[in-house]
Every structure is written in structure tokens, then in C-alpha cells.
Amino acid sequence: MADPTTDAPPELVGQAAVDGLVRLLDLERIEQDIFRGVSPKDRWQRVFGGQVAGQALVAAGRTVDPDRHVHSLHGYFIRPGDPRVPIVYEVDRVRDGRSFSTRRVIAVQHGKAIFTLSASFQLVQDGIDHDTERPDAPPPDALPTFADRLRSSEWAGEFYRTRPRPIDVRYVDPPPWERADAGPRDGLFRVWMRADGELPDDPLLHVCVLTFASDMTLLDSVLARQGLANLIDGRISMASLDHAMWFERPFRADDWLLYSMHSPSASGGRGLASGRFYDSSGRQVVSVVQEGMIRVRG
């Protein structure tokens, strides 16, 4: 008998799911600096934050010379996105300097802004160089797949079986929903992740795919530190508030990247999380900071 928790239709996993993510990030240009994106037909009640951030970055990148690569982004989530209707992305060409270009993007639905993004692009240049040492972690092939973890989870069921899973995630540290009864956990929260298939050789696309993926597990570090389990505890409500990324070195989003996360602080119903991505050689390639609204009722 098929396992309803893990036996996803072929179009929702592997290369087919990655191709679907590429199509999701391939915006329609409806005017010179205006683009339109859609959401996947899944069961989310609001648009996934990584999706709108990734699409906004695509819109910004399509107004910049291709020899200038994304080096940073700063986004604010203003309103929940409606997955039933398209999102319009309006790009403002703030500045094109000799080395840097700056773009501002507003994502609009129902006549109101739901997300804003500022992104900076830079010509490739030589200069000073240092980074941090990658934390120790077992290789991804030695860790359970996401589907393996779902087999022992009562909460997953049909919902996760029917969700596209274009990103292969391997938890080094147990996810909050698996070890909620273990209590608060300090220290690093680590996962390996990569696109679950091959991506085209487009540097902007790889950056946008990782932007999409970076929002998937970052707030889990806040939950782990508090000993909370968002997916099995109906008292918890969560939403991303802002998101910042710095792209420090070239990478491929379809190669394994270690995402090392930590929550240094939480207060006022908000949790702060920071993360670093490392490639298979151990180089730090991306830094991430996010704050999210996390409220516990009762």
C-alpha cells in the first residue's frame, strides 16, 4: 500500500519539481519594468515568503546588465500574499554606477503592497578575502531524507504528500516538530539543502533559487531554541517580517550547501535568526538574517 505521507506524485519531487520552481521564477514581463508572477496551486493559505522574495529578485535582476551579480538584498514582508491571484512586481531603477547597481521592487496584489525589496548588484572585482570555518556536519548522504522523516510523523499526511518539494533538505539537527518534547536547544541548527535536480547555468537563477530556499528553515532555529513545534502545535502562529542576504562567493544551488543557523535573540513576539551557507569545499558563500513574528497563544 502506498504511504500517503511520503509517496508524492512524480511531478512534485525531483527534476519535475525543480523545473516547476524554474517556471515559478520565470516572470512575465508586462511592461519595461513591470513583471507578473503566479503561485503554485498548493494548499497554502498565503504566499510562501521565499517565493515572493525570489520572484522580486528575478524582477530586479532582469533590469540589470548580466555582468553585474547580486551581492545583497533586503526585503520586508508587509501583508500576506494571496496565492489565488498573480503578483505584480514594479521595479525602480534607483542607480547604475560604475561598479554597483541598485534596484527597488514593490510586489502588489489587490492594489496594495505585500512586499518590498532593495537589491544591490556589483561587477566582479578582486579584493580582500576571508570567511568563517564551516561547522562540522555529517555528509548529506548519511542523513535521513525529508521523506524518511515524514514516515514517523503523524502530522504530515496528505498535505505534505501533495506539496511540491523542489528543494532537497537533510536535517543535521532534528527539526523542531520532531523533538519538541526534548525542550529548548541552544547552539547551531544545521541542514543540508540543494535543488532536487539540475538547474540551468544562469547565475541569477541560482541566487533566486537559494533566496527561495533560505526562508524554509531559518525560523526553525528560533523554535528549536524555545523548544516549540510549529507544525504540530496549533497555539503557534508565525510569519516572516524581514529578510536580508549577502551573496559573498559564487555557488550552484543544485549542489549541496550546508545551512548553519542560530537564533541570538527573541523578544516582543519576534524571533531573530541568522544563517550562513557553506559549499562542499567549506567556503562561506552566503549570509542570511531574518526576523519573524512568532506568537504562542494560551
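Rules used in this analysis
Note on numbering: residues in each chain are counted from 1, in written sequence order. Side-chain atom pairs in this predicted model are given and counted only at pLDDT of 80 or more, local residue features only at pLDDT of at least 70, and totals for whole chains, interfaces and linings cover all residues. Side-chain metrics in this entry use all non-hydrogen atoms of the structure; hydrogen atoms and water are not considered. Under the scheme used here, helices are H or I runs from DSSP no shorter than 4 residues and strands are E runs no shorter than 2 residues, and both carry numbers assigned from the N terminus. Under the scheme applied here, a residue whose accessible area is under 20% of the maximum for its type counts as buried, over 50% as exposed, and between as partly exposed, the area being computed with a 1.4 Å probe on protein chains only. Here, residues are in contact when the closest pair of their heavy atoms is within 4.5 Å. For the area figures, the Shrake-Rupley method with a 1.4 Å probe applies, and any residue is considered shielded solely by the protein chains shown. Lining residues are those with an atom within 4 Å of a point, where the points come from a 1 Å grid over the protein atoms alone and group into cavities, where a 1.4 Å probe fits but cannot get out, or pockets, open sets with protein on both sides within 12 Å along at least five of seven lines. Grid points are joined across faces, edges and corners, and a volume is the space filled by probe spheres set on the points. Only Asp, Glu, Lys and Arg are considered charged, only Ala, Val, Leu, Ile, Met, Phe, Trp, Tyr, Cys and Pro nonpolar, and every remaining residue, Gly among them, polar. Note: two strands are recorded as paired if DSSP finds a minimum of 2 bridges between them. Note on geometry: axes are C-alpha line fits, over the in-contact stretch for helices, and angles between N-to-C directions span 0 to 180 degrees. Small angles under 35 degrees read as roughly parallel and large ones over 145 as roughly antiparallel, with 65 to 115 read as roughly perpendicular and the rest as oblique. It is the rotation of the near helix from the far one that decides the hand of a crossing: anticlockwise by less than a right angle makes it left-handed, clockwise makes it right-handed. One less than the residue count of a helix, multiplied by 1.5 Å, gives the span that helix is expected to have. Here a polar contact is recorded for every N or O atom pair within 3.5 Å, except that within protein the pair must consist of a potential hydrogen donor and a potential acceptor, and residues adjacent in sequence are included only if both atoms are side-chain atoms. A pair of aromatic rings is counted whenever rings of Phe, Tyr or Trp (Trp by its six-membered ring) have centres within 6.5 Å, and the orientation is called stacked for planes under 30 degrees apart, edge-to-face for over 60 and tilted otherwise.

So, on to the overall build of the chain. Secondary structure summary: the chain contains 6 helices and 12 strands in total. Looking at the chain as a whole, 48% of its 298 residues are labelled buried. In the chain, once contacts between residues fewer than 6 apart in sequence are set aside, the share between residues at least 24 apart is 73%. A total of about 14600 Å² of accessible surface is found on the chain, and carbon and sulfur atoms cover 50% of it.

The subject of this paragraph is the layout of surface pockets. As a volume, the second largest pocket reaches approximately 1000 Å³. Together, 31 residues line the second largest pocket, and Val70, Phe247, Glu248, Arg249 and Pro250 are the ones closest to its centre. When contributions to the lining of the second largest pocket are tallied by element, the ones reaching two or more residues are strand E3 (68-77), strand E6 (112-123), helix H5 (203-214) and strand E9 (236-247). Grouping the amino acids of the lining of the second largest pocket by side-chain chemistry returns 14 nonpolar, 8 polar and 9 charged.

Let us look at unusual backbone geometry. Positive phi outside glycine occurs at His110, with the angle close to 50°. Take His110: it is sitting in the loop between strand E5 (100-109) and E6. The exposure class assigned to His110 is exposed, which follows from its relative accessible area of 61%.

Right, let's get into the sheet that holds strand E10 (residues 257-267). Spatially, 12 strands are ordered E1-E2-E4-E5-E6-E3-E9-E12-E11-E10-E8-E7 in an open sheet, and the strand pairing comes out antiparallel. Edge positions in the open sheet fall to strand E1 (28-31) and strand E7 (167-171), since each of these has one partner strand only. Across the sheet, the mean angle from the axis of one strand to that of its neighbour is 25°, orientation sign disregarded. Bridge analysis of E1 against strand E2 (residues 34-37) gives 3 bridges, and the strand direction is antiparallel. Its bridge partner lying in E2, Arg29 is registered against Phe35. Running at roughly 50° to E6, helix H2 (residues 49-61) makes contact with E2, E3, strand E4 (87-96), E5 and E6 of the sheet.

To continue, consider the pairing of E10. In the sheet, strand E8 (residues 189-195) pairs with E10 via 5 bridges, with the strands oriented antiparallel. Residue pairing for E10: Val191 is matched across the bridge by Tyr259. Connecting E10 to the next strand, strand E11 (residues 270-278), in antiparallel fashion are 2 residues, including Gly268 with a positive phi near 60°.

Let's shift gears to the packing of H2 against H5. Where H2 meets H5, the axes come as close as 7 Å, and the angle between the chain directions of the two elements is 160°. Between H2 and H5, the interaxial angle falls into the category roughly antiparallel. Considering only the axes of H2 and H5, their crossing is right-handed. The residues of H5 that touch H2, namely those facing Gly50, Gln51, Ala53, Gly54, Leu57, Val58 and Gly61, are Leu204, Val207, Cys208, Thr211 and Phe212. A class-by-class count of the residues in the contact of H2 with H5 yields 7 nonpolar, 5 polar and no charged.

With 12 residues, H5 ought to run about 16 Å at 1.5 Å a step, and its terminal C-alpha atoms sit 16 Å apart, in line with that. Taken across its 12 residues, H5 has 10 buried, putting it largely inside the fold. The opening residue of H5, the one whose side-chain oxygen lies 3.1 Å from the backbone nitrogen of Leu204, is Asp202.

On inspection of all chains with the given rule, the structure shows 4 aromatic pairs. With a centroid separation of 5.1 Å and 75° between ring planes, the pair formed by Phe48 and Phe212 is classed as edge-to-face. Here the residue Phe48 occupies a position in the loop between E2 and H2, and Phe212 occupies one in helix H5, the gap between them amounting to 164 residues. With a relative accessible area of 10%, Phe212 lands in the buried category.

What follows is about empty space enclosed by the protein. Empty space left among the atoms is revealed by rolling a probe the size of a water molecule over them. Taken as a whole and judged by the stated rule, the model has 1 cavity of 30 Å³ or more. Roughly 40 Å³ of volume is contained in the largest cavity. Forming the boundary of the largest cavity are Ile167, Met193, Arg194, Ala195, Val209, Leu210, Ala213, Ala253 and Leu257. Of all the secondary-structure elements, those providing two or more residues to the lining of the largest cavity are E8 and H5.

To continue, consider H2. It helps to recall that an α-helix has 3.6 residues per turn; residues three or four apart then point in one direction. Given a rise of 1.5 Å per residue, 13 residues ought to cover 18 Å, and the 18 Å separating the end C-alpha atoms of H2 matches this to within 8%. Taking burial as the measure, the 13 residues of H2 include 13 buried ones, the bulk of the element.

Bringing the pairing of E11 into the picture now. With 8 bridges connecting them, E10 and E11 associate as antiparallel partners. Looking at E11, one finds that Ser265 is bridged to Leu272. Relative to strand E12 (residues 284-296), E11 runs antiparallel, the two sharing 9 bridges. Looking across to E12, one finds that Arg270 is bridged to Met293.

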